[in-house]
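Residue-level structure breakdown
Read off the chains here:
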Amino acid sequence: TNRKRPLPDDNDNDNNDNNAQQVAEHYNTRRELGVEGRLHTKITGLRLFNNWVKSILIGMHTFRGCKVLDLGCGKGGDLRKWAFAHIGEYVGMDIAQVSVTQAQKRYSELHNARFPARFYAQDCYGEPLEKTLQPVDYRADVISAQFCLHYAFETERKARQMMRNVSEHLADNGTFICTIPSANWLMKKLYTTDAGDLAFGNSVYRVEFVQREPVSVYGFAYAFTLDEAVEDCTEYLVHMPSFVALAKEHGLELLYCTGFHDLYSQNIGDRQNLELFQRMRVVDESRPYISSDEWEAVGIYLAVAFRKIAK
Ligand code: SAM
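Residues numbered from 1 in each chain as written. Predicted model: local features only at pLDDT ≥ 70, side-chain atom pairs only at ≥ 80, totals over all residues. Heavy atoms only, no water.

1. Re helix α7 (residues 183-192)
For α7, the complete set of buried residues consists of A183, L186, M187 and L190. Projection of α7 onto a plane perpendicular to its axis shows the buried side chains occupying an angular sector of 95 degrees, all on one side. Every exposed residue of α7 that faces more than 90 degrees away from the buried side is listed here: N184, K188 and T192. (Buried < 20%, exposed > 50% of the residue type's maximum accessible area, 1.4 Å probe, protein only. Helix = DSSP H or I, 4+ residues; strand = E, 2+ residues; numbered from the N terminus. Arc of directions from axis to C-beta.)

2. A look at the site of the ligand
Around the ligand sit 18 residues in total, of which K54, G72, D94, D123 and Q146 are the nearest. In the environment of the ligand, a nitrogen atom lies 3.2 Å from a nitrogen or oxygen atom belonging to the backbone of I95. At 2.9 Å, a backbone N or O of Q146 approaches a nitrogen atom of the ligand. For the ligand, the protein covers 89% of the area, taking 600 Å² as the surface of the free molecule. Here the shell around the ligand is built from residues that sort into 10 nonpolar, 4 polar and 4 charged. (Near = heavy atom within 4 Å. Polar contact = N/O pair within 3.5 Å; in protein donor to acceptor, adjacent residues only side chain to side chain. Areas by Shrake-Rupley, 256 points an atom, 1.4 Å probe, with all protein chains shown as cover. Nonpolar A, V, L, I, M, F, W, Y, C, P; charged D, E, K, R; others polar.)

3. Details of unusual backbone geometry
A negative phi holds for most residues other than glycine; trans holds for most peptide bonds. A cis amide bond, omega -15 degrees, links Q134 with the succeeding residue P135. Inspection of the secondary structure assignment puts P135 in the loop between β3 (117-121) and β4 (140-146). The backbone phi angle of H86 is positive, close to 55 degrees, even though this residue is not glycine. Of note, H86 is situated in the loop between α4 (79-84) and β2 (89-94). H86 sits in the partly exposed class, given a relative accessible area of 40%. We note that F147 has phi near 55 degrees; this positive angle belongs to a residue other than glycine. Structurally, F147 is set in the loop between β4 and α6 (156-168). Residue F147 is classed as buried on the basis of its relative accessible area, which comes to 19%.

4. Here's the deal with the packing of aromatic side chains
Enumeration over the complete set of coordinates arrives at 24 aromatic pairs. For the ring pair F260 and Y301, a centre distance of 5.8 Å and an interplane angle of 40 degrees mean the geometry is tilted. Of this pair, F260 sits in helix α9 (residues 260-267) while Y301 is found in strand β11 (residues 301-308), placing the two residues 41 residues apart along the sequence. By relative accessible area, F260 is classed as buried at 0%. On the basis of relative accessibility, which here comes to 9%, the residue Y301 falls in the buried class. An aromatic cluster is defined as three or more aromatic residues linked by ring pairs; in this entry it consists of W185, F200, Y205, F209, F220 and Y222. (Phe/Tyr/Trp six-rings, centres within 6.5 Å; stacked < 30°, edge-to-face > 60°.)

5. Side note on the nonpolar core
Within the largest apolar cluster, 95 residues are counted, with the highest numbers of intra-cluster contacts made by L149, F153, M162, F176, F209 and F243. Here the element with the most residues in this core is helix α3 (residues 44-61); it accounts for 8 residues. For M162, the contacting residues outside a window of four places in its chain are C124, Y125, L149, A152, F153, F176 and F243. (Core = buried A, V, L, I, M, F, W, Y, C linked by side-chain atoms within 4.5 Å. Contact = heavy atoms within 4.5 Å.)

Here it is in structure tokens:
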């Protein structure tokens, strides 16, 4: 496997294509477990739980016939969720060409996809989307960035380009939904580990920082490993106040920012959400609980939504 150490902070050194390439390579070379294989890993519960969260988010923010732009769409793991939400049109973009090809294949094999879809391989954070996206004035009703936006926080330049991409291609009153690791959660965990220790985790995940004190808002790197999913991948803390301020500058207001544990408590009481939880087999007879190590890892993430304010 290609192990990557987090890079020391080299903020706003715009020479960051290296890391974008590393990320692309990381996802391009990932082992494909297949549907059956993915049902029997240490993180099956966590993966299914995260899928349930994404389904809830998608259900909350889509409407029949809406146009969706999925930035960092990966292998198209959410295509069925979008189909289920009866969207009108889908555009998937990702930096990893291999993943984009797999997403395209997945779309062509989808039986209930009654929406047209197109896919582009490109860096969605470091570059303007118009480089590949057609038409150039394309606007989506919903922009989604699931488990990938933290890569944009490597530098301020990248984060700004990402925000410009979102703002320019989102319709007025459209929503931007994303799932990101919580910087507060990670920092709290770091500060409660033994003094001098830069790593923490459990049997399913591991986080390793290069230093204890953040020196700036952007480029605060850590290596993240999640059993069977990512190994030592360099990620960046998303400093929420800066993210919200940047979004505001680009005409987007924060609707909510909720940790996955809270999102679960707030939504599991709803009959439809509970049925979905059961249908998606997040837990079942053979696996009646999500393991406590998986549940801790679930708590890393935040669900965030913004609305583009109409001018
Ligand atoms: N959104 C998908 C999901 O939820 O299943 C994939 C999530 S995967 C953990 C992260 C994805 O972000 C990878 O497919 C990776 O290639 C993509 N990614 C990372 N940096 C990117 C960038 N600069 N532009 C576009 N995609 C990027």
